[in-house]
Amino acid sequence: MTTAVVHALGALAHRAVHAPTVSGCACPAPSVLADRADGTVVRRGPVVAKAHAPGTVITDLLARLSLANDPRLSGILLAPLRPRPLTSLVQGRPITLWPQGEPVDPGDPDAAPWEEAAVLLAGLHRTPPPPGIGLPPMRGPAKAALAVARMRAARPGHPSTAPVLAAWRRLPAWARGEGTAPAHRSRYLCHGDLHLGQLVRHPSPHGPWLLIDVDDAGLGDPAWDLARPAAWYAAGVLPPEVWLRFLDAYRSAGGPAVDAEDDPWSALDGPARALTVQTAALACAKSAAEGRSPDEVEQAMIDACARIASLPPELGAHGPS
């Protein structure tokens, strides 16, 4: 993060609230909400400004912003501020402006909106892709590949990465970002990076839950959006009752990623293994950067990779073992 980027984001958010002639106001100072390689997010009053990742493909981002503005997805995706959702470039990075929402409280896990997230995903997956906007593939597999590359750079040749890499090699090519998903599974609207940090209440603090962050949205296999909680459940990190509530809510809302009655793992197996590898790879990279060993949850995901690596490629994690 640079001070110049934060200052520019705060200034753009301020101008979205006030007329150009306003020089002073009671707005709080800019607050950095996130600062990662894939984006810097700054809040100023009721507006959030995001600097997208360097190298973002502008045409893809514009298509994803059009998706967020699609009236059929009102009540599912948070829409950017209008009239110009893509405002400018800061240090070569595209900037978008969004209304502020109330995020999930990480200190109250019992109140986590798993069922609400499932219903939102089902609504997204059921919506036919909009014609004429050139929506790209969802970036879930590409993000998994980036996580593995980050791990390799952080721990080159380290033995702790062996089970993660072994599980990675057993994934189908499409799940490693090296091909396309089967045609009958690759034409759905997908979020691409579903986790509880991708939900906010808007209007905050008591409005309905909405999905945010369309940077990875696009066409693909809807099972990918269920794969992170499925992977956590399979690794023993997410309690079975929470997983079942999530899955039941998705099925009840008519989500097409899994069959309404049959074993869901026939659809979830490949994506869940990929998200297991992605999560474990990021755990290895993060612990290396912080000069520590993986914590209990991180080690659980690494151990899950070892189990995946021990199974025939066509099998995988069909639930906890």
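Residues numbered from 1 in each chain as written. Predicted model: local features only at pLDDT ≥ 70, side-chain atom pairs only at ≥ 80, totals over all residues. Heavy atoms only, no water.

Visitor: I'm lost on the pattern of salt bridges in this one. Help?
Guide: Applying the stated criterion across every chain, the model contains 14 salt bridges. The partner of R72 in a salt bridge is D70, with the nearest N and O atoms 2.9 Å apart. For R72, a relative accessible area of 39% corresponds to the partly exposed category. On the basis of relative accessibility, which here comes to 12%, the residue D70 falls in the buried class. (Salt bridge = Lys/Arg side-chain N within 4 Å of Asp/Glu carboxyl O. Buried < 20%, exposed > 50% of the residue type's maximum accessible area, 1.4 Å probe, protein only.)

Visitor: What am I meant to see in the sheet that holds strand β8 (residues 199-201) here?
Guide: Each strand in a sheet pairs with its neighbour through backbone hydrogen bonds, running either in the same direction (parallel) or in the opposite one (antiparallel). Read across the open sheet, the three strands follow the order β6-β8-β9; overall the sheet is antiparallel. Since the sheet does not close on itself, it has two edges, and those belong to β6 (102-103) and β9 (209-211), each with one partner. Summarising the sheet, β8 and β9 pair through three bridges and their orientation is antiparallel. Within β9, the residue paired with R201 across the bridge is W209. Packed on one face of the sheet, helix α3 (residues 114-126) meets β8 and β9 and runs near 50 degrees to β9. (Pairing = 2+ DSSP bridges. Helix = DSSP H or I, 4+ residues; strand = E, 2+ residues; numbered from the N terminus. Contact = heavy atoms within 4.5 Å. Axes fitted to C-alpha atoms, helices over the stretch in contact; angles between N-to-C directions.)

Visitor: Help me understand the packing of aromatic side chains, please; the structure alone is not making it clear to me.
Guide: What characterises a pair of aromatic rings is the spacing of the ring centres plus the angle enclosed by the ring planes. Considering all chains together, one arrives at seven aromatic pairs under this definition. On the numbers, 5.6 Å between centres and 10 degrees between planes, the contact of Y233 with W243 is stacked. In this pair, Y233 sits in helix α6 (residues 223-234) while W243 sits in helix α7 (residues 240-252), placing the two residues ten residues apart along the sequence. Looking at Y233, the relative accessible area reads 15%, which means it is buried. Here the aromatic residues W114, W232, Y233, W243, F246 and W265 are joined through ring pairs into a cluster of three or more. (Phe/Tyr/Trp six-rings, centres within 6.5 Å; stacked < 30°, edge-to-face > 60°.)

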